[in-house]
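# Fold and geometry: a report
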Amino acid sequence: QKTFTRTVRKGYTVVDNFILPERYHEMKKDINEFEVYDTDLWICGFPKTGTTWISEIAWLILNNFDYEQAKIPDYKRTRMIEFSMLFDIKKEVLFGGEEYEMDSIGHAKSQNHPRTIKSHLPFKLLPQQISGNTVQPKIIYTARNTMDTCISYFHHCKGYEGFTGTFEEFSKLFLFDKVNYGPYYKHVLQFWELRHKPNIFFVTYEEMKNDITGIIQKVAKFLGKTVSKEDVKRLQEHVSFDSMKKNPAVNKEFVNKHIEATTGKKDVIFIREGKSGGYKNVMSQELIAQFCYWTDKRLQGSGLNLL
Ligand code: A3P
C-alpha cells in the first residue's frame with residue numbers, strides 16, 4: 001500500500017508565477033469550473049499562517065457551536081479543494097485506521113451547505129466564479145510574519161513532504177520563491193488588495209495571538225452570527241493552543257502516527273509551537289536581515305507589514 005510520505009510530488013510546475021505540484025494541471029479544469037455558492041465560506045491562506053486555527057473558529061461559529069460534530073476530523077468538515085494535487089494517489093488510503101478521501105474536489109462538492117472549503121491557492125487560481133467575481137462567497141484569509149511562516153513551513157515540509165535539506169537551505173528556497181504555493185509575498189498581496197471588500201476578512205496570525213476574543217467576535221460579525229459571552233469563552237478554550245494540540249480532530253494525530261509507523265519518524269507534529277516571533281530563537285542575525293530586506297522590498301508601498 002502506498003503511504004502518505006512516500007508518495008510525494010512528481011515535480012513542480014509554475015502557474016501564473018506560482019510554484020505548484022505538476023498534478024495541478026490534472027485538476028485545473030475542475031478547480032476552475034467548481035461551482036461556488038454565495039453561502040460558502042472559504043478559508044484561504046498560505047500554508048502555515050494559521051489556517052487550521054481560524055478554520056476551527058469559523059466552522060464552529062457557522063455551525064452554531066456544534067461541538068459534537070466538531071469531533072469529526074477537520075479535513076472532513078472543511079475540505080481543502082486542491083488536496084489531491086499534493087499526492088500521487090487517487091484511491092482512498094488508510095492512515096492509522098482513518099479513511100482518507102483522496103478526491104478532494106468531489107469531497108468539497110458534497111459538503112453540506114453552508115459549506116466551509118479550504119484552499120492554499122492564490123486568489124487568481126481559485127474557481128473562476130470567485131476570481132472572476134461572479135459569485136461572492138465569504139472568504140477568510142490568514143497571513144503571518146514571514147520568518148515564522150518560513151520556520152513552520154520548514155517543519156511541515158520535513159515532516160509531511162519528504163524535504164531533507166537544512167533549515168538554511170529551506171529558508172533560501174522560501175526567500176527566493178521556490179517553495180510550493182510560493183511566492184509568499186505575491187500570495188498575500190493578492191488578498192491584501194481585496195481586504196476592503198465586504199466578503200473578505202483578512203486577519204493575521206499575530207492579531208489572533210494578541211486578541212483571540214476580539215477576533216472571534218469579528219469573525220462572528222463577518223459571518224452574520226450573534227454570539228454570547230459564554231459562546232466566545234467556550235470557543236476560546238476550544239481553540240487555545242493547548243486544547244488544539246490535544247484535539248485529535250485537528251492535530252493530524254492519525255497522519256502523524258501513520259508516518260511514524262511507516263517511516264519511524266517521531267518528530268512530526270502539526271500543532272507544533274504556536275508562537276509569534278519564534279524566529280528570533282532560530283534564525284541568525286544575518287538571515288533575519290535578509291528576510292527583513294526582502295520582505296520590505298516585496299511589500300513596499302502596499303501598507304502591509306509582515307515583519
Ligand atoms: P507553528 O509550526 O509555528 O507552531 P496552518 O494551519 O496554516 O498550516 O498553520 C499551522 C501553524 O499554526 C503552526 O505553527 C501551528 O502550531 C499553528 N497553530 C495551530 N493552531 C494554533 C492555536 N490554537 N494557537 C496558536 N497557533 C496555532
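Above this text sits the structure in question.
Summarised in this report is the structure supplied together with it. Note that this is a predicted model, so its numbers are computed, not measured.

## Re the overall build of the protein
The number of helices and strands found in the protein is 14 helices and nine strands. Whereas a compact globule of 307 residues would reach a radius of gyration of roughly 19 Å, the protein reaches 18 Å, a difference of no more than 12%. Counting every position in the protein, which comprises 307 residues, the buried fraction comes to 38%. Taking the intrachain contacts of the protein between residues at least 6 apart in sequence as the baseline, contacts between residues at least 24 apart amount to 72%.

## Some remarks on the site of the ligand
What surrounds the ligand is a group of 18 residues, the closest being Thr51, Thr52, Ser152, Arg272 and Gly274. Looking at side-chain class alone, the shell around the ligand contains six nonpolar, eight polar and four charged residues.

## Examining the environment of Gln128
Mapped onto the secondary structure, Gln128 falls in helix H5 (residues 128–131). In this structure Gln128 comes out as partly exposed when scored by C-beta crowding, with 16 C-beta atoms within 10 Å. Expressed as a C-alpha distance, the spacing of Gln128 and Glu35, which sit 93 residues apart in the sequence, is 8.8 Å. In contact with Gln128, not counting residues within four places along its chain, are Asn32 and Glu33.

Basis of the calculations
- Residues numbered from 1 in each chain as written.
- Predicted model: local features only at pLDDT ≥ 70, side-chain atom pairs only at ≥ 80, totals over all residues.
- Helix = DSSP H or I, 4+ residues; strand = E, 2+ residues; numbered from the N terminus.
- Rg over C-alpha atoms; globule rule 2.2 N^0.38 Å.
- Buried ≥ 20, exposed ≤ 12 C-beta atoms within 10 Å, placed from the backbone.
- Contact = placed C-beta atoms within 7 Å.
- Near = placed C-beta within 6 Å.
- Nonpolar A, V, L, I, M, F, W, Y, C, P; charged D, E, K, R; others polar.

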